[in-house]
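Each chain, written out:
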Protein chains: 2
Amino acid sequence: MSVREKKKKKNKNAILQAAISLFRKNGYENTSIEQIARAAGVGKGTFYSYFQNKKDIVKGFYDDELELVHNELLGRANRDTPILEQMVTIYMAEFRQVTRNPEFGRLFMRESVFPDKQNPAGNAGLENNFFSMLFPILERAQQRGELRRDIEILHITEHFHSLFVMVVSSWYTGRLPIDGVEQAMTSLFTQLLEGLCPPPFTLTKLEKNNG
Amino acid sequence: MSVREKKKKKNKNAILQAAISLFRKNGYENTSIEQIARAAGVGKGTFYSYFQNKKDIVKGFYDDELELVHNELLGRANRDTPILEQMVTIYMAEFRQVTRNPEFGRLFMRESVFPDKQNPAGNAGLENNFFSMLFPILERAQQRGELRRDIEILHITEHFHSLFVMVVSSWYTGRLPIDGVEQAMTSLFTQLLEGLCPPPFTLTKLEKNNG
DNA sequence: TATAAATTTCGACTGCGGTCATTTTTTTTA
DNA sequence: TAAAAAAAATGACCGCAGTCGAAATTTATA
């Protein structure tokens, strides 16, 4: 590795660490780029050759952090437990990670759900990683017969993800207290799986009606 | 109405109109508060006695705009058409309105899904109005037997709304082209209604298996 | 109507995010 | 190794969002 590459890696990391530390101590809004640069031992302009803008730091933070969580989940997962349970486990881990620092989390969710124009493929990588983690799990569930096979897996992930976003949003707006999150998520996921329509006549009902 | 009240109303409206006009012409980022204030014939500081900050203008804009759309929808609605059709109609209207000006729309969606801390009850009023418009429609559908009665209506609205947010997000990130929006929404809503699980044994299937 | 109190308007000012021409450092070439 | 080229670092600078105390305007009081 050339001198340049080593320096770049070191600098990027120093900036990221300085930023996170300062954000933790003083909050995002009360930390200036200049402070971050000083703490990282570089000039202000240098910050912008490693990160596009201030928000970009948040993405940089979660890029690393969430990948760890995802890998840990992949390691611990038992793919033959019911899909509901697996999805709740995965998304609760995601929820805890994202909301650990509420200020970062809000910025991160905002960017990942409604990204800036100039940030076209910004979160795509992260999201794709996440979705590609879910793919084999959902595929397996389809094979077991727990999920319909006539819906593309991508769409199934969209369903779960949209409810995840809703839960995070509910927590941020205060509609949902922290100790109600897991139950709410379980209940929403269950309803998604079962559907909002009343079930058609089942065997039991038929027998009842006929008997 | 006192002189003060008249002035306030006039000023607030002048500022809002000036802002919208300038945003339309030059975009949100390229319009400064000072420009807005000048165009409205007031000083810069005065802006801040009518709106908390720059983003607040966007909310002010949609507050009016969306209420019109909602009222129009309420007037035209036939509450006995299938719930799928009604929800698609309503949310497509919402989609068109929100994304008419993409820049405003993104800011608005961001604020309404992940609001700022200092904006606690900000969007609550708007969202509540929207939800309360949906309530009677969904209640009616429950009575007709189109929707399960064991799920609270609030939760049903959350399901639909979360898919709406997903569709808007998909459009913003470019995953979903504009002419695929209605079909995607219809398909997601259908899947939500039917559920992601395979249906239990129905009469036809039973007969097949037994025969 | 004159004066006091309350409310609103105002723009100079502050601090920060982001840019850019210049300087410094590293790599390539001869 | 010396000179030229390429890449990266830097901080003065710009424009703007948001603040604040002073000035202007409206309302209340006597």
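Residues numbered from 1 in each chain as written. Chains lettered and ligands numbered in written order. Predicted model: local features only at pLDDT ≥ 70, side-chain atom pairs only at ≥ 80, totals over all residues. Heavy atoms only, no water.

Looking at an unreviewed UniProt entry, one finds chain A named Transcriptional regulator, TetR family, with Desulforhopalus singaporensis as its source organism.

K.L.:
Can you walk me through the protein's contact with DNA strand C in this structure?
P.N.:
Close to DNA strand C lie 20 residues; Ile33(A), Lys44(A), Lys54(A), Gly43(B) and Thr46(B) are nearest. Among all atoms of DNA strand C positioned within 4 Å of the protein, those belonging to sugar or phosphate total 65%. In this structure, Tyr48(A) approaches DNA strand C through a side-chain N or O atom, which is 3.5 Å from a phosphate oxygen. Here a phosphate oxygen of DNA strand C and a side-chain polar atom of Thr46(B) are 3.0 Å apart. (Near = heavy atom within 4 Å. Polar contact = N/O pair within 3.5 Å; in protein donor to acceptor, adjacent residues only side chain to side chain.)

K.L.:
Looking at this structure, I do not really get the domain arrangement of chain A. What am I missing?
P.N.:
When the parts of a complex come together, some accessible area is lost, and that lost area is often used as the size of the interface. Residue and element names in this part refer to chain A. For chain A, the assigned domains are domain 1 (1-51) and domain 2 (53-194). Look at where the C-alpha atoms of domain 1 and domain 2 centre, and you get two points 29 Å apart. Facing the 14 residues of domain 1 at the interface are 13 residues of domain 2. Roughly 1200 Å² is buried in total at the junction of domain 1 and domain 2, and carbon and sulfur atoms are behind 71% of that figure. (Domains from an automatic or database assignment. Contact = heavy atoms within 4.5 Å. Buried area = accessible area lost by both parts, 1.4 Å probe.)

K.L.:
Help me understand the UniProt feature "domain: HTH tetR-type" (unreviewed entry) in chain A, please; the structure alone is not making it clear to me.
P.N.:
This chain's UniProt record puts "domain: HTH tetR-type" (unreviewed entry) on residues 9-69 of chain A. In this annotation, residues 9-69 of chain A is assigned 80% helix and 0% strand; the end-to-end C-alpha distance for the span is 23 Å. (UniProt positions renumbered as here; feature names shortened; annotations may be inferred. Helix = DSSP H or I, 4+ residues; strand = E, 2+ residues; numbered from the N terminus.)

K.L.:
Looking at this structure, how should I read the interface of chain A and chain B?
P.N.:
With 44 residues of chain A at the interface, the matching set in chain B holds 44 residues. Counting each side, the surface lost to burial between chain A and chain B is near 4300 Å², with a carbon and sulfur contribution of 63%. Broken down residue by residue, the surface that chain A buries against chain B is led by Arg110(A), Phe114(A) and Leu196(A), which jointly contribute 21%. Between chain A and chain B we count six salt bridges in total. When the shortest N-O distance is used, the salt bridge between Arg110(A) and Glu111(B) registers 2.8 Å. The interface formed by chain A and chain B contains 22 residue pairs in polar contact (both at pLDDT 80 or more). If you list the elements that add at least two residues to the side of chain A that touches chain B, you get helix H6 (102-113), helix H8 (153-172), helix H9 (181-194) and helix H10 (203-210) of chain A. Here the side of chain A that touches chain B gets 14 residues from one element, more than from any other, and that element is H8(A). (Salt bridge = Lys/Arg side-chain N within 4 Å of Asp/Glu carboxyl O.)

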